[in-house]
Amino acid sequence: MPKIKHNDHPLVVAKKSKIHGYGCYARTDIKKGKRVMEYVGPLITKKEAAKALDAQNEYIFTLNDKFDIDGSVDYNIARYINHSCDPNCESDIKNDRVWLYTIRDVKEGEELTYNYGYDLEDFEYRTCKCGTTNCIGYMVAEDDFDKVRAMTDLADMAEKKKKRKPKKKKSK
Ligand SMILES: [Zn+2]
């Protein structure tokens, strides 16, 4: 885990999370519909993004048809926001900028989460530890929850040995 160098966001503080690694926690109560922060980083081509994923970079965000964002930079505090099956935030792309905003009222001290929008490919290697009562056990886009639930051989798949590769995050 890289050192946090810019932990001075007015609304959130990054610290150890029960879900995974570091997480972003609300410093104060945040109302529903509030733009909390931007997911920032250099723009990279799809080719560069593919290379970054091969190199285990877990912070690539799909921006548009041409570019992705490499969010693995120190100044991108949003990279610490964890995935959840029942999140309190959502990502949204406006004018080629990615924003995280609250989809319900958030209490001071609550961990901020959003759904990373991962597709189903190799989902069985991305287990979810969000801990919500609605957790389906894997990190996938909400649209695919039903498909995942419908699969009966999850236990067998989890046994498969295959190299885990990071995925691009996507806005809804
Ligand atoms: Zn979950």
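Remember, predicted model here, so these are calculated numbers, not experimental data. (Residues numbered from 1 in each chain as written. Predicted model: local features only at pLDDT ≥ 70, side-chain atom pairs only at ≥ 80, totals over all residues.)

J.: How would you sum up the overall build of the chain? Please name residues and give values.
T.: The secondary structure content of the chain amounts to three helices and 10 strands. Sorting the 172 residues of the chain into buried and exposed places 31% on the buried side. Partitioning the intrachain contacts of the chain with sequence separation of at least 6 by distance along the chain shows that 64% fall at a separation of at least 24. (Helix = DSSP H or I, 4+ residues; strand = E, 2+ residues; numbered from the N terminus. Buried ≥ 20, exposed ≤ 12 C-beta atoms within 10 Å, placed from the backbone. Contact = placed C-beta atoms within 7 Å.)

J.: Account for the nonpolar core, with residues named and values stated.
T.: Burial of nonpolar side chains together is a common tendency in soluble globular proteins. Counting 22 residues, the largest nonpolar core has Val-12, Cys-24, Val-36, Ile-81, Leu-100 and Leu-112 as its most contacted members. When residues of this core are traced back to their parent elements, those giving at least two are β2 (22-26), β3 (35-39), β5 (60-62), β9 (97-102) and β10 (111-114). When residues of this core are assigned to their parent elements, the largest contribution, three residues, is made by β3. For Leu-112, the contacting residues outside a window of four places in its chain are Val-12, Cys-24, Tyr-25, Ala-26, Val-36, Ile-81, Asn-88, Cys-89 and Val-106. Listed in part, the nine residues of the second largest apolar core include Tyr-118, Cys-130, Tyr-138 and Met-139. (Core = buried A, V, L, I, M, F, W, Y, C linked by C-beta atoms within 7 Å.)

J.: Which residues make up the sheet that holds strand β8 (residues 89-94), and what values do they have?
T.: The antiparallel open sheet is built from three strands, whose spatial order is β3-β9-β8. The open sheet has two edge strands with one neighbour each: β3 and β8. Going from strand to strand, the sheet's axes swing by 30° on average, the running direction of each strand aside. Pairing geometry for β3 and β9, over four bridges, is antiparallel. For Met-37, the partnering residue across the bridge sits in β9 and is Leu-100. (Pairing = 2+ DSSP bridges. Axes fitted to C-alpha atoms, helices over the stretch in contact; angles between N-to-C directions.)

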